[in-house]
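Architecture at a glance
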Amino acid sequence: MINTLHQFPKRMVIRSIQLLFIVVFVQCKTHNHTMKHASLVRQDQNKPQAMHFTKPPYLKKGDTIMIVAPAGFVPDTTEIDPGIELAKSWGLEVIVGKNAFKKHNHFAGTDEERQNDLQLALNDKKIKAIWCSRGGYGTVRIIDQLDFTTFEQHPKWVVGYSDITTLHTTIHNLGFATIHASMPGGMKRASDEAKQTLYKALFGYSYGFEISTNVLNKKGTASGILIGGNLSIVNSMIGSVSEANLNGKILFIEDVGEDLYRIDRMMYTLKRTGALKNLKGLIVGDFDYDVEKDTLFGGTHREIMLNAVKEYNYPVIFDFPAGHIRDNRSLIFGKEIHIDVNETTSKVWY
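Being a predicted model, the structure only gives us computed values, none of them experimental.

**Considering the sheet that holds strand β11 (residues 331-333)**
The strand order β2-β1-β3-β4-β5-β11 describes an open sheet built from 6 strands, whose pairing is mixed. Single-partner strands in this sheet number two, and they are β2 (93-96) and β11. With strand direction ignored, the average angle separating the axes of adjacent strands in the sheet is 25 degrees. Pairing of strand β3 (residues 127-132) with strand β4 (residues 157-160) involves 3 bridges; the strand directions are parallel. The partner of Ala129 across the bridge, within β4, is Trp157.

**A word on unusual backbone geometry**
The backbone phi angle of Asn105 is positive, close to 55 degrees, even though this residue is not glycine. Within the secondary structure, Asn105 is located in the loop between β2 and α3 (111-123). A positive phi is found at Asp319, a non-glycine position, where the angle reads about 65 degrees. With respect to the secondary-structure elements, Asp319 resides in the loop between β10 (316-317) and β11.

**Some words on the packing of aromatic side chains**
The full count for this structure, using the stated rule, is 14 aromatic pairs. Ring geometry for Phe148 and Phe151: centres 6.0 Å apart, planes at 80 degrees, overall edge-to-face. Taken individually, Phe148 and Phe151 each receive the classification buried, so the pair is uniform in this respect. Centre to centre, the rings of Tyr199 and Phe203 are 4.4 Å apart; their planes meet at 25 degrees, and the pair counts as stacked. Placement of the pair is Tyr199 and Phe203 together in helix α6 (residues 192-203), with a separation of 4 residues, close to one helical turn. Looking at Tyr199, the relative accessible area reads 25%, which means it is partly exposed. Exposure remark for Phe203: the relative accessible area of 12% places this residue in the buried category. Feature note: the residues Tyr207, Phe209, Phe252, Phe320, Phe333 and Tyr350 constitute an aromatic cluster, connected by ring pairs.

**Some words on empty space enclosed by the protein**
Scanning the entire structure with this criterion turns up 2 cavities of 30 Å³ or more. In this structure, the largest cavity occupies an estimated 60 Å³ of space. As for the largest cavity, its lining consists of Leu59, Ile65, Trp90, Ala129, Ile130, Trp131, Val159, Leu198 and Leu202. Mapped by element, the contributors of at least two residues to the lining of the largest cavity are β3 and α6. For the lining of the largest cavity, the leading source of residues is β3, giving 3 residues. By residue class, the composition of the lining of the largest cavity is 9 nonpolar, no polar and no charged. Approximately 40 Å³ is the volume attributed to the second largest cavity. Gln45, Val234, Ile238, Glu243, Ala244, Leu246, Leu270, Thr273 and Ala275 are the residues that line the second largest cavity. Residues of the lining of the second largest cavity, tallied by class, amount to 6 nonpolar, 2 polar and 1 charged.

How each quantity is defined
Residues numbered from 1 in each chain as written. Predicted model: local features only at pLDDT ≥ 70, side-chain atom pairs only at ≥ 80, totals over all residues. Heavy atoms only, no water. Pairing = 2+ DSSP bridges. Helix = DSSP H or I, 4+ residues; strand = E, 2+ residues; numbered from the N terminus. Axes fitted to C-alpha atoms, helices over the stretch in contact; angles between N-to-C directions. Phe/Tyr/Trp six-rings, centres within 6.5 Å; stacked < 30°, edge-to-face > 60°. Buried < 20%, exposed > 50% of the residue type's maximum accessible area, 1.4 Å probe, protein only. 1 Å grid on protein atoms, 1.4 Å probe; cavity = no way out; pocket = protein on both sides within 12 Å on 5 of 7 lines; lining within 4 Å. Points joined across faces, edges and corners; volume = space filled by probe spheres on them. Nonpolar A, V, L, I, M, F, W, Y, C, P; charged D, E, K, R; others polar.

What follows is the structure, given as structure tokens:
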């Protein structure tokens, strides 16, 4: 009896030590996971991102794509029918997410419904491309709940622009290329060039652009990986796991409906992070704003941007045909692009 009483504290001590080791081990694993996640939260714009961008398989006739609505609502099928018809004319099978026409306030259904459709598209191996129906606002509300594990093992093209920039930058940080292009919701007014460049981007054809040079362009040549998207969204991703690392990249930006002082503020926010000084080049798409209302600011969006990057020695192209316009030419983000800006023309090609 006495021996049993003497052994009891020893067993308790041993058991306590074992439990302590388990707790410490779990905490270390949790800490390491947290630190790994935290290391992505703030991009060091003074260091290049050490990753190769993987291009998902290009499409071929008979492949299946899925249309999902991760942001603003689409009233009914007539809104996206032109996009569906176009994809089918290319020999593609089209699936539409079951929640694509839901409406919850501004959004295409609740956060959970939008997330479920997008997650299904990410996970389904037979889906070879995800075509977002429209932008608006809302992707940021579901981005952190998405699981990209299956996507990383079986990547596919994610296509869209505007609010879909949240998806672009998140996927770029995983090391995969995406396509900045017109969406089904705007395909009924899209130009022939917008449609043709989307086809070439999806099916793996080389293509390029040649446009007249704006007098404010900064001349020069450059090559680098192209990333970017909507300026407001790129700006709003700063400090999150979706922040774009722009070091050594060629940046494309566009926007719509932003006052000039906001454009100025966003450019200087990027500048203060160090994101603008280490670019290889800057391509500026369409910026649609109320020119008459904003004349008091004292300059156009071109002059604002030129002022923000004036001390940096890389080419700048203005008026590139992409953004919230009919002629929204498709761009492959995560692929090397070449630019040549001279006195008369600006050339951009893959």
